[in-house]
Amino acid sequence: MANDPRGSALADLFPLPIVQAPMAGGPSTPALAAAVSEAGGLGFLAAGYRTPEAMRAEIAELRTLTSRPFGVNLFMPQPQPQPQPADPAAVAAYADRLAAEATRYGAPLGDPDQGADDAYDAKLALLLDDPVPVVSFTFGCPSRTDVDALAAVGTLTVVTVTSAAEALAAQEAGADAVCVQGIEAGGHQGTHHDDPRADAPGAGAGLLPLLAEVREAVRLPVVAAGGLMRGAQIAAVLAAGACAAQLGTAFLACPESGARPFHKRALTDPAFPRTELTRAFSGRPARGLVNRFLREHGPYAPAAYPQVHHLTSGMRKAAAAAGDAQAVNLWAGQGHRLARELPAAALVGVLAAELDAARAASVCTNRGSTS
């Protein structure tokens, strides 16, 4: 990999073009991030849904496990309107629909109005006081002031984007790179504005065409994300102009992942053969394995994030504690059937070997076509 012409300050931090996606809600642990970074990739912590104090504790723990660079991901505050405000009546109607689920799991529905900023300001203040190598952002673009403040303490910034327009906004804000997220990606779509009109079938761009659009629109280095599970796929996005590939679902089954055992098993269980984008669990489009809750409630879930997330949080935790995979958000990308139950460092090594093999095969093919 030494002669890999990736050419960006971000890519120079880690020798292999492999980024472990930040997966909020538990999967992204300090042990997972440390293992990936130690193996030559870039490990990430997910600060979303964490308190500022919990984020700080995880960073401290990670630093005891590795001296290699790592990243921390922040959720951007959700302004109202989003482009249009969440309809309180629609949220209330969804709560009524879920009343039987709450009774079934013995967990009351949560208060949908607990706040929409995910303690962003407090988390940013901690990261300015105790800098980390990389900070990435999801659900929006930080201000130029915030990006400049992070740059002043030596932190590189990455903004998750799902369109060329969002990439341009990140470039104008001074971000060091963008993470281009295709529709194939597991978990939440990182769109800057959650437009309910974008829920139509076929909406959203696949990774490779989106990568090409963004590469033509901005000068920033790009990290490619969405359904990537094998080294040959990493080779494809690098050939398309990415400086690195970000993988989330591929790392879910690792022993260091904090995903629950039934979530890990479900990735390759024939009972969960496909994924869908749904608002059922959080009110924002997110890709997960199709289970009972998604099928029954997804069509009725309003465009209301984080209100629906707060509403269903306690019920989901109760279902998870009971080991019921049918009422929990099983986030996963479209490549979930290719998940491998390997230690994270071993998985990074396998991916790197597959990447090298794909590159070698490409060289041989090209030589054969010109002989």
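Everything numeric in this text was worked out from a predicted model, so none of it was measured. (Residues numbered from 1 in each chain as written. Predicted model: local features only at pLDDT ≥ 70, side-chain atom pairs only at ≥ 80, totals over all residues. Heavy atoms only, no water.)

Student: Would you mind going over the packing of aromatic side chains with me for this structure?
Tutor: The relation between two aromatic rings is expressed through the spacing of the ring centres and the mutual angle of the planes. Counted according to the given criterion, the structure contains 5 aromatic pairs. Pairing Tyr49 with Phe75 gives two aromatic rings, centres 5.2 Å apart and planes at 85°, and the pair type is edge-to-face. Here Tyr49 is found in the loop between β2 (43-46) and α2 (52-65), whereas its partner Phe75 is found in strand β3 (residues 70-75), with 26 residues between them in sequence. Three or more aromatic residues link up through ring pairs in this structure, and these residues are Tyr49, Phe75, Phe139 and Tyr305. In this structure, Arg97 is placed above the aromatic ring of Tyr300, and the distance from its NZ or CZ to the ring centre is 3.7 Å. (Phe/Tyr/Trp six-rings, centres within 6.5 Å; stacked < 30°, edge-to-face > 60°. Helix = DSSP H or I, 4+ residues; strand = E, 2+ residues; numbered from the N terminus. Lys NZ or Arg CZ within 6 Å of the ring centre and 35° of its normal.)

Student: Help me understand the environment of Ala33, please; the structure alone is not making it clear to me.
Tutor: Residue placement: Ala33 occurs in helix α1 (residues 30-38). The sequence separation of Ala33 and Pro22 amounts to 11 residues, and the corresponding C-alpha distance is 8.9 Å. When near neighbours in sequence (up to four residues on either side) are disregarded, Ala33 contacts Gln20, Gly43, Phe44, Leu45 and Leu62. (Contact = heavy atoms within 4.5 Å.)

Student: What am I meant to see in the nonpolar core here?
Tutor: It is characteristic of soluble globular proteins that their nonpolar side chains tend to be buried jointly. If you look at the biggest cluster of nonpolar residues, it comprises 92 residues, and the most contacted ones within it are Val72, Val180, Leu247 and Phe251. Ranked by residue count, the leading element in this core is helix α14 (residues 344-370), at 6 residues. Setting aside chain neighbours within four positions, we find Leu247 in contact with Ile18, Val19, Gln20, Ala21, Leu228, Met229, Ile234 and Leu351. Residues Ala11, Phe44, Ala177 and Ala225 belong to the second largest nonpolar core, which totals 15 residues. (Core = buried A, V, L, I, M, F, W, Y, C linked by side-chain atoms within 4.5 Å. Buried < 20%, exposed > 50% of the residue type's maximum accessible area, 1.4 Å probe, protein only.)

Student: I would appreciate a short explanation of the sheet that holds strand β10 (residues 275-278) in the present structure.
Tutor: Strands pair in a sheet through their backbones, by hydrogen bonds, and they do so in one of two ways: parallel or antiparallel. The strand order across the open sheet built from 3 strands is β7-β11-β10, with neighbouring strands paired in antiparallel fashion. Each of the sheet's edge strands pairs with one partner strand only, and the pair in question is β7 (187-188) and β10. Relative to strand β11 (residues 286-289), β7 runs antiparallel, the two sharing 2 bridges. Across the sheet, Gly187 pairs through a bridge with Arg287, a residue of β11. (Pairing = 2+ DSSP bridges.)

Student: What am I meant to see in the pattern of salt bridges here?
Tutor: Two side chains with opposite charge may pair up if their charged atoms get near one another. What the rule picks out here adds up to 9 salt bridges. For Glu296, the salt bridge is made with Arg292, and the minimal N-O distance between the two is 3.0 Å. A residue pair is termed a helical-turn pair when its members lie 3 or 4 positions apart in one helix, as Glu296 and Arg292 do in helix α12 (residues 292-297) at 4 residues. Exposure remark for Glu296: the relative accessible area of 37% places this residue in the partly exposed category. Residue classification places Arg292 among the buried positions, given a relative accessible area of 12%. Through salt bridges with shared partners, a single network forms among Glu101, Arg292 and Glu296. (Salt bridge = Lys/Arg side-chain N within 4 Å of Asp/Glu carboxyl O.)

Student: Got a minute to help me understand the confidence of the model for the protein chain in this structure?
Tutor: With 92% of its residues at a pLDDT of at least 70, the protein chain reaches an overall mean of 93. Low pLDDT, under 50, characterises residues 1-5; the predicted model gives this stretch 9 contacts beyond four residues in sequence or across chains. (pLDDT = per-residue confidence, 0-100.)

Student: Can you walk me through the pairing of β3 in this structure?
Tutor: Regular strands have side chains that alternate between both faces of the sheet. The buried fraction of β3 amounts to 6 of the 6 residues, a majority that puts the element mostly inside the structure. The sheet contact formed by β2 and β3 spans 4 bridges and is parallel. Counted as the bridge partner of Leu45 is Val72 from β3. Taken together, β2, α2 and β3 constitute a β-α-β crossover, and its handedness is right-handed. Relative to strand β4 (residues 134-138), β3 runs parallel, the two sharing 5 bridges. Paired with Leu74 across the strands is Phe137, a residue of β4. (Right-handed = clockwise from strand over helix to strand, strands pointing away.)

Student: Where do I start with unusual backbone geometry in this structure?
Tutor: A negative phi angle is the norm for most residues apart from glycine, just as the trans form is the norm for most peptide bonds. The amide bond that connects Tyr305 to the next residue, Pro306, takes the cis arrangement and shows omega of 5°. With respect to the element layout, Pro306 can be found in the loop between α12 and α13 (307-321). Positive phi, close to 50°, is recorded for Asp118, a residue that is not glycine. Considering the arrangement of structural elements, one finds Asp118 in the loop between α4 (99-105) and α5 (120-129). Look at Ala119: it is not a glycine, yet its phi comes out positive at around 55°. Its place among the elements puts Ala119 in the loop between α4 and α5. Using a relative accessible area of 25% as the deciding quantity, one classes Ala119 as partly exposed.

Student: What's the story with the side chain of Asp146 in this structure? I'm lost.
Tutor: Topologically, Asp146 is positioned in helix α6 (residues 144-152). Looking at Asp146, its side chain comes within polar contact range of the side chain of Tyr120, at 2.9 Å. Filtering out sequence-adjacent residues up to four positions away, Asp146 remains in contact with Tyr120 and Leu124. (Polar contact = N/O pair within 3.5 Å; in protein donor to acceptor, adjacent residues only side chain to side chain.)

Student: So what exactly am I meant to see when it comes to the packing of α5 against α6 here?
Tutor: The packing of two helices is summarised by the inter-axis angle and the distance between the axes. Their axes nearest at 9 Å, the elements α5 and α6 cross at an angle of 25°. Here α6 runs roughly parallel to α5, going by the angle between their axes. Packed against α5, whose contacting residues are Tyr120, Leu124 and Leu128, the element α6 presents Asp146, Ala149 and Leu150 at the interface. A class-by-class count of the residues in the contact of α5 with α6 yields 5 nonpolar, no polar and 1 charged. (Axes fitted to C-alpha atoms, helices over the stretch in contact; angles between N-to-C directions. Parallel < 35°, antiparallel > 145°, perpendicular 65-115°, else oblique. Nonpolar A, V, L, I, M, F, W, Y, C, P; charged D, E, K, R; others polar.)

Student: Help me understand the sheet that holds β2, please; the structure alone is not making it clear to me.
Tutor: With respect to topology, 8 strands assemble into an open sheet ordered β1-β9-β8-β6-β5-β4-β3-β2, the strand pairing being parallel. Edge strands, defined here as strands with exactly one partner in the open sheet, are β1 (18-20) and β2. Neighbour-to-neighbour, the strand axes of the sheet open up by a mean angle of 25°, direction not taken into account. Note: strand β5 (residues 156-161) against strand β6 (residues 177-181), 4 bridges, orientation parallel. Each residue of the ladder has a partner; that of Val161, found in β6, is Val180. Running over the sheet, α1 touches β1, β2 and β3 and is turned about 160° from β2.

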